[in-house]
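Coordinate analysis (summary)
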Amino acid sequence: MRVILASDHGGQNLREDIANLLEEMNIEFEDIGCDCEGSVDYPDYGIPAAERVASGEFDYGIVICGTGIGMSISANKVKGARCALVHDVFSAKATRQHNDANILAMGERVIGPGLAREIVTTFLSESYEGGRHANRVEKMMAYENQ
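What comes next is a walk through the structure.

**So, the layout of surface pockets**
Computed from the structure, the largest pocket encloses a volume of approximately 170 Å³. Asn-76, Ala-81, Arg-82, Cys-83, Thr-95, Asn-99, Ala-101, Met-140, Met-141 and Glu-144 are the residues that line the largest pocket. When contributions to the lining of the largest pocket are tallied by element, the ones reaching two or more residues are helix H4 (89-99) and helix H6 (134-144). Per-element tally for the lining of the largest pocket: the top contributor is H6, with 3 residues.

**Things to note about helix H1 (residues 12-24)**
Between its first and last C-alpha atoms H1 spans 19 Å; for 13 residues at 1.5 Å apiece the expected length is 18 Å, and the two agree. Within H1, the full set of buried residues consists of Gln-12, Leu-14, Arg-15, Ile-18, Ala-19, Leu-21 and Leu-22. Projected down its long axis, H1 shows its buried positions confined to an angular sector of 165°, all on one face. Seen from the open side of H1, the exposed residues pointing more than 90 degrees away from its buried face are Asn-13, Glu-23 and Glu-24. Looking at the packing, one finds that the buried side of H1 touches strand S1 (2-7), strand S2 (28-31), strand S3 (60-65), strand S5 (103-107) and helix H5 (113-125). Taken from the residues just after H1, Asn-26 is the one with a positive phi, measuring 55°.

**Concerning the packing of H4 against H5**
Two elements in contact, H4 and H5, have axes whose closest approach is 8 Å; the angle formed by their N-to-C orientations is 20°. Looking at the two axes, H4 sits roughly parallel to H5. Between H4 and H5 lies a crossing of right-handed hand. Listed contacts from H5 to Val-89, Ala-92, Lys-93, Thr-95 and Arg-96 of H4 are Leu-115, Glu-118, Ile-119, Thr-122 and Phe-123. For the contact of H4 with H5, the residue count by class is 5 nonpolar, 2 polar and 3 charged.

**What to know about a nonpolar patch on the surface**
The grouping of Ile-69, Ile-73 and Leu-85 at the surface amounts to a nonpolar patch, some 250 Å² of accessible area in total. With respect to the helices and strands, the residue Ile-73 is situated in helix H3 (residues 69-75).

**Points about the pattern of salt bridges**
As enumerated under the stated definition, the model contains 9 salt bridges in all. Between Asp-35 and Arg-15 there is a salt bridge, and its shortest N-O distance comes to 2.8 Å. Taken as a pair, Asp-35 in the loop between S2 and helix H2 (43-54) and Arg-15 in helix H1 lie far apart in primary sequence, 20 residues in all. What makes Arg-15 buried here is its relative accessible area of 1%. Its salt-bridge partner being Arg-117, residue Asp-17 comes within 3.1 Å of it at the nearest N-O pair. With Asp-17 in helix H1 and Arg-117 in helix H5, this residue pair connects regions lying 100 residues apart in the sequence. By relative accessible area, Arg-117 is classed as partly exposed at 22%. Salt bridges sharing common partners tie together Arg-15, Asp-31 and Asp-35.

**With respect to the packing of H1 against H5**
Relative orientation of the contacting elements H1 and H5 amounts to 50°, with a least axis distance of 10 Å. Taken as axis vectors, H1 and H5 run oblique relative to one another. Where H1 crosses over H5, the two elements pack in a sense that is right-handed. Here Leu-14, Asp-17, Ile-18, Asn-20, Leu-21, Leu-22 and Glu-24 of H1 lie close against H5, whose contacting residues are Pro-113, Ala-116, Arg-117, Val-120, Thr-121 and Leu-124. Of the residues assigned to the contact of H1 with H5, the class counts are 8 nonpolar, 2 polar and 3 charged.

Calculation criteria
- Every chain begins its residue count from 1, and numbering advances along the sequence as written.
- Reporting of local features is limited, given that this is a predicted model, to residues whose pLDDT is at least 70; pairs of side-chain atoms are given and counted only at 80 or more, and all residues count toward the totals for whole chains, interfaces and linings.
- With hydrogens and water excluded, all non-hydrogen atoms of the structure serve as input to the side-chain values.
- Here a cavity means grid points, on a 1 Å grid over the protein atoms only, where a 1.4 Å probe fits yet cannot get out; a pocket means an open set of points with protein on both sides within 12 Å along at least five of seven lines; lining residues are those with an atom within 4 Å of a point.
- Grid points are joined across faces, edges and corners, and a volume is the space filled by probe spheres set on the points.
- We count a stretch as a helix when DSSP gives it H or I for four or more residues in a row; a strand needs E for two or more, and each element gets its number in order from the N terminus.
- One less than the residue count of a helix, multiplied by 1.5 Å, gives the span that helix is expected to have.
- Three labels apply to residues, based on accessible area from a 1.4 Å probe with only protein chains included: buried if under 20% of the type maximum, exposed if over 50%, partly exposed otherwise in between.
- Working definition: the arc comes from the directions between the helix axis and the C-beta atoms, pointing outward to the latter.
- For this analysis, residues touch if any pair of their heavy atoms sits within 4.5 Å.
- Every axis in this analysis is a line fitted to C-alpha atoms, fitted for helices over the stretch in contact. Angles between the N-to-C directions lie between 0 and 180 degrees.
- Working definition: roughly parallel below 35 degrees, roughly antiparallel above 145 degrees, roughly perpendicular at 65 to 115 degrees, and oblique for all remaining angles.
- Left-handed describes a crossing whose near helix is turned anticlockwise from the far helix through less than a right angle; right-handed describes the clockwise counterpart.
- Basically, the charged four are Asp, Glu, Lys and Arg, the nonpolar ten are Ala, Val, Leu, Ile, Met, Phe, Trp, Tyr, Cys and Pro, and anything else, Gly included, counts as polar.
- Excluding any residue in a salt bridge, patches collect residues exceeding 30% relative accessible area, merging like charges within 9 Å and nonpolar Val, Leu, Ile, Met, Phe, Trp and Tyr side chains within 5 Å.
- Throughout, the Shrake-Rupley method with a 1.4 Å probe supplies accessible areas, and for residues the shown protein chains are the sole cover considered.
- The term salt bridge refers to a side-chain nitrogen of Lys or Arg lying within 4 Å of a carboxyl oxygen of Asp or Glu.

Written out as structure tokens, the structure is:
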């Protein structure tokens, strides 16, 4: 499993904590930043991360900003990205099982590091169920490919 990790200035602390978690889990990852103290634009980090997941270079992406909203909107502009904004463990499980989400967005100002670790662990350990959910995912992707 390969994961790409990105944040803007509002998600930098949580991103660093998640990088530590991925190391603890022995998951191969690349952290593309940001490493700055000033304000940056979340699309400059969320879009490249999503492109690299959509291309198949990475299996999953984790993108973090203050609320997770900007990063999730940015990532979902990339064809092939299915980014889910998640702030609870149930949603992390459901979005992998039902939506085949390949990118997880979180907000540092919304959740703490303990919950974020649980969310990431759940997201990365769940599998897509297919079955009755496949038709729905296929409809989304067909619309995107029009």
